[in-house]
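Coordinate inspection notes
Residues per chain are reported as follows:
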Amino acid sequence: MMKIIVIGAGIAGASTAYHLAKLGADVLIIDRQDQGQATDAAAGIICPWLSQRRNKAWYQLAKAGARYYPALVEELEREGESETGYARVGALNIHTDPEKIGKIEERAYQRLEDAPEIGAITRMDEHTTRERFPLLVEGCSSVHIGGAARVDGRALRDALLRAAVRNGAELIHGDAQLEFQPNRVTGVTCGATRYLADAVIVCAGAWAGQLLEPLGVNFEVRYQKAQIMHLQLPDPALNTGEWPVVMPPSDQYLLAFGQQKIVVGATHENDIEGYDTRITPGGMHEIISKCLTWAPGLADSTFEEVRVGFRPFTADFLPVVGAVPGWEGLFAVNGLGASGLTMGPFIGSQMAKLALGIQPDIDLTDYDIGKAVQHRAL
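Cut-offs and rules
Residues numbered from 1 in each chain as written. Predicted model: local features only at pLDDT ≥ 70, side-chain atom pairs only at ≥ 80, totals over all residues. Heavy atoms only, no water. Pairing = 2+ DSSP bridges. Helix = DSSP H or I, 4+ residues; strand = E, 2+ residues; numbered from the N terminus. Axes fitted to C-alpha atoms, helices over the stretch in contact; angles between N-to-C directions. Contact = heavy atoms within 4.5 Å. Parallel < 35°, antiparallel > 145°, perpendicular 65-115°, else oblique. Left-handed = near helix turned anticlockwise from the far one by under 90°. Buried < 20%, exposed > 50% of the residue type's maximum accessible area, 1.4 Å probe, protein only.

1. Concerning the sheet that holds strand 2 (residues 26-31)
What the six strands build is an open sheet, ordered 9-2-1-13-21-20; its pairing is mixed. Sheet topology places strand 9 (170-173) and strand 20 (320-323) at the edges, where each strand pairs with a single neighbour. Strand-to-strand, the axes of this sheet are offset by a mean angle of 15 degrees, without reference to chain direction. Lying on the sheet, helix 1 (residues 11-22) is in contact with strand 1 (3-7), strand 2, strand 13 (199-202) and strand 21 (330-334); it crosses strand 1 at an angle near 165 degrees.

2. Brief notes about the packing of helix 1 against helix 3 (residues 56-78)
Two numbers describe how helix 1 lies on helix 3: the axes approach to 14 Å, and their chain directions differ by 60 degrees. One element, helix 1, and the other, helix 3, form an angle in the oblique class. Where helix 1 crosses over helix 3, the two elements pack in a sense that is left-handed. Residue-level contacts link Tyr18, His19 and Lys22 of helix 1 to Tyr68, Leu72, Glu75 and Leu76 of helix 3.

3. So, the pairing of strand 15 (residues 222-232)
For strand 15, a buried count of nine out of 11 residues is recorded, marking the element as mostly surrounded by other parts of the structure. As defined by bridge partners, strand 15 adjoins strand 19 (residues 302-313) across 11 bridges and the pair is classed as antiparallel. Its bridge partner being in strand 19, Gln224 is matched across the sheet by Arg311. One ladder, built from five bridges, connects strand 15 with strand 18 (residues 261-265); its direction is antiparallel. When the sheet's bridge partners are listed, Leu231 is paired in strand 18 with Ile262.

Interpretation note: all reported values are geometric properties and have no functional meaning in isolation.
What follows is the structure, given as structure tokens:
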């Protein structure tokens, strides 16, 4: 039985650990519980099919991630995890311009050809659109994507970790440091304890560079700060748990959860100094002004909290997955960016296979970790 240590318990790390445990590995998960973990702050939209990003490699991975969700959630539910945070509620892609709505619909049907999981595609007029999400501004029509879903990052991560432990993994909290010999990682130290392993998988997100630095590895992953706002609607009669995700023609989103909870966001703050977890008036103003433009019905909601997370990005905005060049026994997953909740569970399943010498389900060449690694002399 292989002994594998997973450092970092965000969505990618939790999924990797769960799939490793299911495949029979002896798994130790170590998480430092840093403030600002991307998964801890995130609420996700699982609807990559209408993205206008031209990066085909990104789309293929995002599409695979979205396709994987129903099977994973069903598996977790069979293991007793009823609170996964995932719900297939559909998505409204809204716009005030009928011509733009037509283009969204056309793109959806094009993507449907090789992604039947998109589900039913329905063009909706203003009246029907506002019936589905009553808080929206007048004048919006939409394209409804039946296969889209929402997910609560914390809930899914916790379900994966509980299931991993149930399948034999051990979870501890602490500051892991890599133990290594020339060209080989042998395990980690955490506090006063040394843990040996056949392999170590670094899933530390925005903090991975610090972990790899003692090995002479420059890990070229930067991070972007996101502030995400949680609101509470005053009317207890609203059945918000069944409302669809709303995707406006901007970099914002609206997610409705049960019990009249609405999540709006997020900011995209680059070039910040250090791990700045402050909630700022500028960030709050950006979120509120943009969300009220498209959903003025939120003006009377109650502010509950703002969560802050750091999204990790590579230079070409593609995730990196695999063995770290020049080091035996060392793997890493990183750079999931704003698509972390869409891709993370699937990427974790593939990372588990790679670490155990099993052929992955898709070609991971485009996500070679070597492109984010530079070595320097120790």
